[in-house]
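Summary of the model geometry
Residue-level listing of the chains:
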Amino acid sequence: MSEQDIKNRIVETLLNDRVTGSNKVSIDTLLNYAVRDSEQGQARRLLKDEMLPKSEGSIQQVGGGARENVQLADIEEATRYVYRNGGDVPWKLKQKYIED
């Protein structure tokens, strides 16, 4: 998988599970659902070094402590990010936020 494919999978997973608002998920749990075991090291590096500092894909870190929780700041922005980068946008969200 390319780096962009991994980023798309991370954001797609958060979109599918509607991880926003009061919902949050630990980075470990997110990566377990989003990518294969062999790609988790690269996915963790991309998430921590590129996606979180730049709020890429509308991902933000919440809380503190050792669990390292993340969530989406904006569903609409995340949907457009996945669409622009060739990912699989959930059908309901595509219908609501993407105008073809």
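So, here's what we can say about the structure. (Residues numbered from 1 in each chain as written. Predicted model: local features only at pLDDT ≥ 70, side-chain atom pairs only at ≥ 80, totals over all residues. Heavy atoms only, no water.)

The subject of this paragraph is the sheet that holds strand 3 (residues 69–72). As summarised here, the arrangement of the 3 strands in space is 1-3-2, forming an open sheet in which the pairing is antiparallel. Across the chains shown, the open sheet's two edge strands, defined by having one partner strand only, are strand 1 (25–26) and strand 2 (59–62). Relative to strand 3, strand 2 is paired through 4 bridges, and the arrangement is antiparallel. Across the sheet, Val-62 pairs through a bridge with Asn-69, a residue of strand 3. Each of strand 1, strand 2 and strand 3 is contacted by helix 1 (residues 3–16), which is oriented at about 70° to strand 2, the strand it contacts most. Here helix 3 (residues 40–54) sits on the sheet and contacts strand 2 and strand 3; the angle it forms with strand 2, its principal contact strand, is near 105°. (Pairing = 2+ DSSP bridges. Helix = DSSP H or I, 4+ residues; strand = E, 2+ residues; numbered from the N terminus. Contact = heavy atoms within 4.5 Å. Axes fitted to C-alpha atoms, helices over the stretch in contact; angles between N-to-C directions.)

In the contact formed by helix 1 and helix 3, the axes pass within 10 Å of each other and the chain directions differ by 80°. Taken together, helix 1 and helix 3 sit at an angle that is classed as roughly perpendicular. Facing Glu-3, Ile-6, Lys-7, Ile-10 and Val-11 of helix 1, the residues of helix 3 in contact are Gln-42, Ala-43, Arg-45, Leu-46, Leu-47, Glu-50 and Met-51. For the contact of helix 1 with helix 3, a count of residues per class yields 7 nonpolar, 1 polar and 4 charged. (Parallel < 35°, antiparallel > 145°, perpendicular 65-115°, else oblique. Nonpolar A, V, L, I, M, F, W, Y, C, P; charged D, E, K, R; others polar.)

Along the chain, the position of Ser-22 falls in the loop between helix 1 and strand 1. A sequence separation of 40 residues divides Ser-22 from Val-62, and the C-alpha atoms of the two residues are 10.0 Å apart.

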